Amino acid sequence: QIITRNSLNRPEFPTEGSEVSLSSEFSGGVLGGNVGFYKFIFSASWFTPAIWKLVLYNHTTVGFIDGWTKSSRIPYLEYFFLGGEGLSRSTPLRGYDDPLAGYATQPGGRVMIKYTTEIRFPIIPNPTMFGLIFAEAGNTWVKVSDTDPFNLRRSVGIGARLFMPMIGIIGFD
């Protein structure tokens, strides 16, 4: 189940508005089956016009997964993984290898926190192309008791996005 609200003014290069969503997933428990977990992901994005044609973009994602009982089985790929470019089941974190591509330095986590801040600026209007300067931070934790929102992997950099009709947005960071 996903509950979402979107007030963005443009789909390709939003300059104002927000998008907020809460997704929930339930498996096993009273539903039966050989696995049993509940998973929640909260995501919020804000676009704010700044000076000239600059746009400030902020995004936060928080995730949590746990079993119905201590003996509940949670499939490996349901855990949270952070890193890579987002082509696998991991949550992208720029500047870090994809943990599901054989570079795992830590197991998947039950808790995930990720923050993103970007300053975006238009380069050409049609087709839509814009540049950005970003700062990201995030991490996953195996146990809820180990969660520390200040112990995060961090990255900064620059990038560009080009909207290609019938393909979507192509980006480079």
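Just so it is clear, the structure is predicted and the values come from calculations on it, not from any experiment.

## A short note on the layout of surface pockets
Next, step 1: The calculated volume of the largest pocket comes to roughly 860 Å³.
Next, step 2: Contributing to the lining of the largest pocket are 33 residues, with Tyr57, Pro92, Lys114, Glu136 and Arg161 lying nearest its centre.
Next, step 3: Only strand S3 (37–49), strand S4 (55–67), strand S5 (111–124), strand S6 (129–141) and strand S8 (168–172) provide two or more residues apiece to the lining of the largest pocket.
Next, step 4: Among the elements that make up the lining of the largest pocket, the one with the highest residue count is S5 (five residues).

## Notes on unusual backbone geometry
Next, step 1: Backbone torsion omega between Asn126 and Pro127 reads 0°, so that peptide bond is classified as cis.
Next, step 2: Within the secondary structure, Pro127 is located in the loop between S5 and S6.
Next, step 3: One non-glycine residue with positive phi stands out, namely Trp52, at about 50°.
Next, step 4: By secondary structure assignment, the location of Trp52 is in the loop between S3 and S4.
Next, step 5: The backbone of Met166 shows a phi angle near 70°, a positive value even though the residue is not glycine.
Next, step 6: By the secondary structure assignment, Met166 is in the loop between strand S7 (153–164) and S8.
Next, step 7: Met166 sits in the exposed class, given a relative accessible area of 89%.

Reading guide: rules and limits
- Residues numbered from 1 in each chain as written.
- Predicted model: local features only at pLDDT ≥ 70, side-chain atom pairs only at ≥ 80, totals over all residues.
- Heavy atoms only, no water.
- 1 Å grid on protein atoms, 1.4 Å probe; cavity = no way out; pocket = protein on both sides within 12 Å on 5 of 7 lines; lining within 4 Å.
- Points joined across faces, edges and corners; volume = space filled by probe spheres on them.
- Helix = DSSP H or I, 4+ residues; strand = E, 2+ residues; numbered from the N terminus.
- Buried < 20%, exposed > 50% of the residue type's maximum accessible area, 1.4 Å probe, protein only.

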